[in-house]
Amino acid sequence: MSSEELPKQYEPNLVEEKWLSVWKDEASYFDPASSKPQFIIDTPPPYPTGNFHIGNGFNWCYIDFIARYKRMRGYNVMFPQGWDCHGLPTEVKVEETHNITKNDVSREEFRRMCRELTLGNIEKMRATMRRCGFSIDWSNEYITMLPEYYAKTQLSFLRMFAKGDIYQSEHPVNYCTRCETAIAFAEVSYEERTTKLNYFDFDGIEIATSRPELLAACVAVAVHPEDKRYTEITGSKLMVPLFGHDVPVIVDEAVDPEFGSGAVMICTFGDKQDVYWWKTHNLDLRKAIDQQGIMTSLAGPYADLSSTECRTKILADMQEQGILNRQEALEQRVGTCWRCKTPIEILSERQWFVKVHNDDILAAADKISWTPEYMKARLENWASQMEWDWCISRQRIFATPIPVWVCDTCGEIILPAEDELPIDPTVDTPSAPCPKCGGTAFTGESDVLDTWMDSSISVLNVTGWDGSKTPDLFPAQIRPQGHDIIRTWAFYTILRAGALTGSHPWEQILVNGMVLGDDGFKMSKSRGNIISPEEVLLEHGADAFRQWSASGAATGSDIVFSWNDVIAASRFQTKMWNIARFVLMHLEKQNEVVESATALADRWLLVRLSETVQIVTEAMDAYQFDRAVRAIREFARETFADNYIELVKGRLYDKEGSPDSALYALSVTLDALCRMLAPIAPFFAEEIFSNMNKGSVHEAPWVAFEYVDEDALVQGELLAEVVAEVRRYKHDKKMALNAPLGEVVVYTPFDIDDANDASAALNATVIWKNERPALEEVVSDVYFNLAVIGPTLRGAAKEFMAAVRELSEEELKNPPTEINVTGEMIAVPEDAFSPVYSYQVAGETVDVLTLREDVILTIQNNA
Ligand SMILES: [Zn+2]
Ligand SMILES: [Zn+2]
């Protein structure tokens, strides 16, 4: 296309749709046969909600910047895409959509409905990802609900079970009674709330509790060993009010004598502390609340009430019996289900657990390079406070089945052979009789695996793990993810990679922030501050969205969505488009291709370009995308467009002179800008690069331009400053920028040859002199201070001023005390006037601009 045909306006959506139809998926495939160094990205598998939200978009922009940049740097890049399918939200959605509950249809039918919904949602999200221009390797897509993937999840289960890293046990776990499933410690979120602390009489001593509904589950009363108030009753038994069973009074250092009355009741289980005491003191287990949050028969008259109803009734009964002494407000952090926000219960149930070896996880974290570095502390803090093993069993349906049967006769745990995987133990049966008793009746495990069990082997999956050995491609080079899932996805992946390979999963981890609404708050339906990527794409295109992602915040920081930043990105594209059109138009006129720059301005531009390339390369290497974009924009707008192009227009349009040096500089610079923009604004960079007839910028290597020229840097900077300063002068004098100006002499410490660029740019005769100016200071005018003259001289003011003008230069500098005004001597008021100086060079009056201490400009303004 000739540059005349280039549209004046850049239409992002037209251009982007065009390139989407041209680009081939294959161009982004990882090549297993390649000899290039590998760069494997352990991309997050998003939850297939059908809505690729702006937080995803932001995260994926970072990933795509890295993938595209690394390809240009000569790496064999794998940017796979997974889908973390299983889980409760899908089950709930299916129940809503089909207006059923999970128990209304068979397990298999329910799973089929979940799979169908999930596939539809994945399709929608893929479309948004493609529209954003993400260079995903679709040949390495994985879907965790498909047999080829969950066979690996099950294999990893068998391997860890064989090593003793997975075990089954009855142990207290966090439990959501609404979702009716155990959840991991990492899935408990905490909320502040105000509740009541109830002081009541407990068989003669006072106890304060915020959970009176747990009274039926009370198994002991504990006091501090040095609390004198309770020395006498220590070791004795107390009777639990309303329920009548006896519990021991025990002592424990962990009791806070200052809290409440200093005596606490231990229930199974009110909180983690109860679990600790229960274990340490080997106390009874009393299950008063069931998995639906309903009081059990243990609660006697309160059985079958919800725990909330039970609480109300117990308090009323205490009141009636006169044992409720008082109530006071209590601020509390309550653990809630991360999905549905229901306060969690701690229930002791038979569950499956993964052993957590904190020291191994911390050691592996040390081998990984963290960006930003401070995010590592979040993992360390989490690991160091982990007291419980990871509960991996869930009492749900749509998830990877736990590949286990139990022999009905002898209770032996039966496992499938590895080559039988995947299996569903609720459908399939063991291939051989029980090895222990020969029995042939089995019960399949109906619990399923925590979905993090699927996603925490994503890195093993993409590097080709099949259980035979540690894959050649392992570990991956980088894990990009949000800081909200450090304690889950990052933690579990490190744990699982360690257990299954003995090594750390990735060389680096890049942690990105969250996207906040333009009001600074987390995006939520209730605040009405949700922005979808589609909204941004529709109006401004993918490149503007991508630039916003890059420029909005330092890596790791949360980013506030800002339409202004998107618009700024759009404007930058408009500006760059105008620059590119200008350059392309001139490149067509090139007669002879030269491979070097000779003129000062051209050399200066190349030095500045070289500096910019260095900054951008360093920033991209350090994943500082905001810094990269800033450097590119500043260089393109200020150095290239505002300074350089204005300087060289003269040479470019001059029919007699040679534009070749300038054309070389323009071409090198536009080429480099395309390559630097390619990872961040891939469509825009491609459009310009292809118009330079250079093929696809995405198949081109990263810019490797280095140019050192100390003189050109110093003198070119001065040239640009001189032009800017004289333009400002013209502006101040209300002259048109292209209006002719007389002679400008620049006195500098250098010998400068600017190839007449300054003269052409300023429409003046600019002469560079390596000398100091011979300036003569003369009084050229008088300044009258009318605020003094008016009031003191009144009617005589006009005559006074006329008389002053007649004074000699010497008298103006040192005024006499009185002067002759039309024959009368009049006292000269203080501050009535002062001389105005001007400068002359060789008798000609000039304006003087002092640029720096050693650079002075004289302007002989003929206008
Ligand atoms: Zn829940
Ligand atoms: Zn058996």
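The text that follows walks through the structure, step by step, so that each part is easy to find.

How each quantity is defined
- Residues numbered from 1 in each chain as written.
- Chains lettered and ligands numbered in written order.
- Predicted model: local features only at pLDDT ≥ 70, side-chain atom pairs only at ≥ 80, totals over all residues.
- Heavy atoms only, no water.
- Helix = DSSP H or I, 4+ residues; strand = E, 2+ residues; numbered from the N terminus.
- Rg over C-alpha atoms; globule rule 2.2 N^0.38 Å.
- Buried < 20%, exposed > 50% of the residue type's maximum accessible area, 1.4 Å probe, protein only.
- Contact = heavy atoms within 4.5 Å.
- Areas by Shrake-Rupley, 256 points an atom, 1.4 Å probe, with all protein chains shown as cover.
- Lys, Arg positive; Asp, Glu negative; His and termini not counted.
- Charge placed at Lys NZ, Arg CZ, Asp CG, Glu CD.
- Core = buried A, V, L, I, M, F, W, Y, C linked by side-chain atoms within 4.5 Å.
- Pairing = 2+ DSSP bridges.
- Axes fitted to C-alpha atoms, helices over the stretch in contact; angles between N-to-C directions.
- Donors = N, O, S within 2.8 Å, 3.2 Å for Na, K, Ca; no water.
- Tetrahedral: all angles 85-135°; square planar, octahedral: opposite > 155°, others 65-115°.
- 1 Å grid on protein atoms, 1.4 Å probe; cavity = no way out; pocket = protein on both sides within 12 Å on 5 of 7 lines; lining within 4 Å.
- Points joined across faces, edges and corners; volume = space filled by probe spheres on them.
- Nonpolar A, V, L, I, M, F, W, Y, C, P; charged D, E, K, R; others polar.
- Parallel < 35°, antiparallel > 145°, perpendicular 65-115°, else oblique.
- Phe/Tyr/Trp six-rings, centres within 6.5 Å; stacked < 30°, edge-to-face > 60°.

Counting its secondary structure elements, the protein contains 24 helices and 33 strands. In terms of overall size, the protein is more extended than a compact globule, its C-alpha atoms giving a radius of gyration of 39 Å where 863 residues would be expected to give roughly 29 Å. Summarising its shape, the C-alpha atoms of the protein cover approximately 125 × 75 × 45 Å along the three principal directions. Considering the protein as a whole, with its 863 residues, one finds that 54% of them fall into the buried category. In the protein, once contacts between residues fewer than 6 apart in sequence are set aside, the share between residues at least 24 apart is 75%. Working note: accessible area of the protein is about 37,900 Å², and carbon and sulfur atoms make up 48% of it. Averaging the positions of the 81 positive and the 131 negative side-chain charges in the protein gives two centres separated by 4 Å.

Grouped together as the largest cluster of nonpolar side chains are 144 residues, with contacts concentrated most on Met576, Phe640 and Tyr644. Counting residues per element, this core draws most heavily on helix α17 (residues 625-653), which supplies 14 residues. Contacts of Tyr644, omitting those with residues within four sequence positions, involve Ala601, Asp602, Trp604, Leu605, Thr639, Ala662, Ala665 and Leu666. Among the nonpolar cores identified, the runner-up in size contains 61 residues, and Trp352, Val354, Trp465 and Leu500 belong to it.

What the four strands build is an open sheet, ordered β10-β11-β9-β12; its pairing is mixed. Two strands in the sheet have a free side with no partner beyond their single neighbour: β10 (237-239) and β12 (263-267). Going across the sheet, the axis of each strand differs from the next one's by a mean of 35°, ignoring polarity. Sheet topology note: the strand β9 (residues 218-223)/β12 ladder contains five bridges and is antiparallel. Paired with Cys218 across the two strands is Cys267, which belongs to β12.

On the protein side, the zinc ion (ligand 2) has Cys407 (SG), Cys410 (SG), Cys434 (SG) and Cys437 (SG) as donor atoms, found 2.2 to 2.3 Å from it. Coordination at the zinc ion (ligand 2) comes from four donor atoms whose angles at the metal span 101 to 114°, giving a geometry best classed as tetrahedral. Each donor residue of the zinc ion (ligand 2) lies on one chain, and together they are spaced C-x2-C-x23-C-x2-C. With Cys407 in strand β18 (residues 405-407) and Cys437 in the loop between β19 (413-414) and β20 (442-444), the pair connects residues that are 30 residues apart, well separated along the chain.

Looking at the second largest pocket, its volume works out to about 1,400 Å³. Its residues assigned to classes, the lining of the second largest pocket shows 21 nonpolar, 16 polar and eleven charged.

On to the packing of helix α2 (residues 54-72) against helix α14 (residues 542-551). For the pair α2 and α14, interaxial distance at closest approach is 9 Å and the crossing angle is 85°. As far as their axial angle goes, α14 and α2 are roughly perpendicular. Two secondary-structure elements touch here, α2 through Ile54, Gly57, Phe58, Cys61, Tyr62, Asp64, Phe65 and Arg68 and α14 through Phe545, Arg546, Trp548, Ser549 and Ala550. Of the residues in the contact of α2 with α14, the class split is eight nonpolar, two polar and three charged.

This next bit is on the coordination of the zinc ion (ligand 1). Within the first shell, the zinc ion (ligand 1) binds the protein through Cys176 (SG), Cys179 (SG), Cys337 (SG) and Cys340 (SG), at distances of 2.2 to 2.4 Å. Considering all four donor atoms around the zinc ion (ligand 1), angles at the metal cover 103 to 118° and the coordination shape is tetrahedral. In primary sequence terms, the donor set of the zinc ion (ligand 1) follows C-x2-C-x157-C-x2-C. This pair shows no difference in class: Cys176 is buried, exactly as Cys179 is.

Counted according to the given criterion, the structure contains 35 aromatic pairs. When the ring of Tyr142 is compared with that of Tyr149, the centres are 5.3 Å apart and the planes differ by 15°; the resulting orientation is stacked. We note that Tyr142, like Tyr149, is buried. A ring pair is formed by Phe561 and Trp563, whose centres lie 5.1 Å apart and whose planes are at 90°; its orientation type is edge-to-face.

Mapped onto the elements of the fold, Gly464 is located in the loop between α11 (458-462) and β22 (476-482). Placed ten residues apart in sequence, Gly464 and Phe474 show a C-alpha to C-alpha distance of 8.1 Å.

So, on to the side chain of Asn461. Structurally, Asn461 can be placed in helix α11. Judged by relative accessible area, Asn461 falls into the buried class, the value being 14%.

Time to look at the packing of helix α8 (residues 358-366) against helix α12 (residues 486-501). Between α8 and α12, the least distance of the axes is 9 Å, while the angle of their chain directions is 100°. One way to sum up the angle between α8 and α12 is to call them roughly perpendicular. Across the interface between the two elements, Asn358, Ile361 and Ala364 of α8 pack against Phe491, Ile494 and Leu495 of α12. Its residues assigned to classes, the contact of α8 with α12 comprises five nonpolar, one polar and no charged.

This next bit is on the sheet that holds strand β31 (residues 833-841). On the basis of which strands lie adjacent, the open sheet formed by six strands has the order β27-β26-β33-β32-β31-β28 and mixed pairing. The open sheet has two edge strands, β27 (765-769) and β28 (776-784), and neither has a second partner. Sheet twist, expressed as the average angle between the axes of neighbouring strands with direction ignored, equals 35°. In this sheet, β31 lies alongside β28 in antiparallel orientation, the contact comprising eight bridges.

What follows concerns the side chain of Thr118. Along the chain, the position of Thr118 falls in helix α4 (residues 107-131). In this structure Thr118 comes out as buried when scored by relative accessible area, which is 0%. Not counting chain neighbours up to four residues away, the residues in contact with Thr118 comprise Pro48, Cys85, Thr90, Met145 and Phe398.

Purely geometric numbers; function is a separate question.
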